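Survey of secondary and tertiary structure
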Amino acid sequence: MSSQKFASLRYTGMRIGLLIVCFAVVWVLCAVHVIPLAVRGSNLVWMVLVALIISAPLSYVLLRKQRDAMSEQIVGRVDRAKEALAANAAQEDHVV
């Protein structure tokens, strides 16, 4: 259960790390003039957008195991909340 405990935090951290790595790669490619620089100082915005576009499919492929663990964690929480809600509703029905 301990590996599932921080699954959401782990996935989010790895997703942010992948975005940072992709931004660094895009920044280096812009610095070496492999990717043309944007116009009128909006280079940083375009670099972030390109990094987001690159990191999205990479995270879909590379972080599949972490995403599945996060999904299991969320489903478990939702199931427990539904059970608690049903138990409260049953108690209210019996009180009348």
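The present account deals with the structure reproduced in this document. (Residues numbered from 1 in each chain as written. Predicted model: local features only at pLDDT ≥ 70, side-chain atom pairs only at ≥ 80, totals over all residues. Heavy atoms only, no water.)

1. Brief notes about the overall build of the protein chain
This is how it is decided: Per the convention used, a helix needs a DSSP run of H or I reaching at least four residues, while a strand needs a run of E reaching at least two, with both numbered from the N terminus. The classification of residues rests on relative accessible area computed with a 1.4 Å probe and restricted to protein chains. Under 20% of the type maximum is buried, over 50% is exposed, and intermediate values are partly exposed. Any two residues whose heavy atoms approach within 4.5 Å are treated as being in contact.
Helix and strand content of the protein chain: 4 helices and 0 strands. Its helices and strands in sequence order give the protein chain the pattern α-α-α-α, from N to C terminus. For the protein chain, buried positions account for 18% of its 96 residues. In the protein chain, 75% of the contacts between residues at least 6 apart in sequence involve partners at least 24 apart.

2. Some points on the side chain of Q66
Mapped onto the secondary structure, Q66 falls in helix 4 (residues 64-95). Judged by relative accessible area, which is 16%, Q66 ranks as buried. If we skip the residues at most four places from it in the chain, Q66 touches R10, Y11 and M14.

3. Focus on helix 3 (residues 43-62)
Keep this limit in mind: An expected span of 1.5 Å times one less than the residue number is assigned to each helix.
The terminal C-alpha atoms of helix 3 lie 28 Å apart, and with 20 residues this matches the ideal 28 Å at 1.5 Å per residue to within 8%. Every buried residue belonging to helix 3 is among N43, M47, A51, S55 and S59, and all of these are buried.

4. Comments concerning the nonpolar core
To keep things clear, this is the line we draw: To qualify as a nonpolar core, a set must consist of buried Ala, Val, Leu, Ile, Met, Phe, Trp, Tyr and Cys residues joined through side-chain atoms within 4.5 Å.
In this structure, A7, Y11, L63, A69 and M70 together form the largest nonpolar core, which totals 5 residues. Looking at this core, the elements with two or more residues in it are helix 2 (7-31) and helix 4.

5. Considerations on the environment of I35
Mapped onto the secondary structure, I35 falls in the loop between helix 2 and helix 3. Along the backbone, I35 and M47 are 12 residues apart, and their C-alpha atoms lie at a distance of 9.6 Å. Setting aside residues up to four positions removed in sequence, I35 forms contacts with V26, L29 and C30.

6. A short note on the environment of K5
Inspection of the secondary structure assignment puts K5 in helix 1 (residues 2-5). Separated by 65 residues in sequence, K5 and M70 place their C-alpha atoms 9.0 Å apart.

7. What to know about helix 2
Helix length check: helix 2, at 25 residues, gives a terminal C-alpha distance of 36 Å against a target of 36 Å (1.5 Å per residue), a fit within 8%. Listed in full, the buried residues belonging to helix 2 are A7, Y11, L18, C22, V26 and C30. Trailing helix 2 by a residue or two, H33 shows a phi angle of about 65°, which is positive.

8. Some words on the side chain of Q73
The test is simple: Polar contact is defined as a pair of N or O atoms within 3.5 Å, subject to the rule that within protein one atom must be able to donate a hydrogen and the other to accept it, and that residues adjacent in sequence are counted only when both atoms are side-chain atoms.
With respect to the helices, strands and loops of the structure, Q73 is situated in helix 4. A polar atom in the side chain of Q73 sits 3.0 Å from the side chain of S8.

Function-wise, these values are silent; they only describe arrangement.
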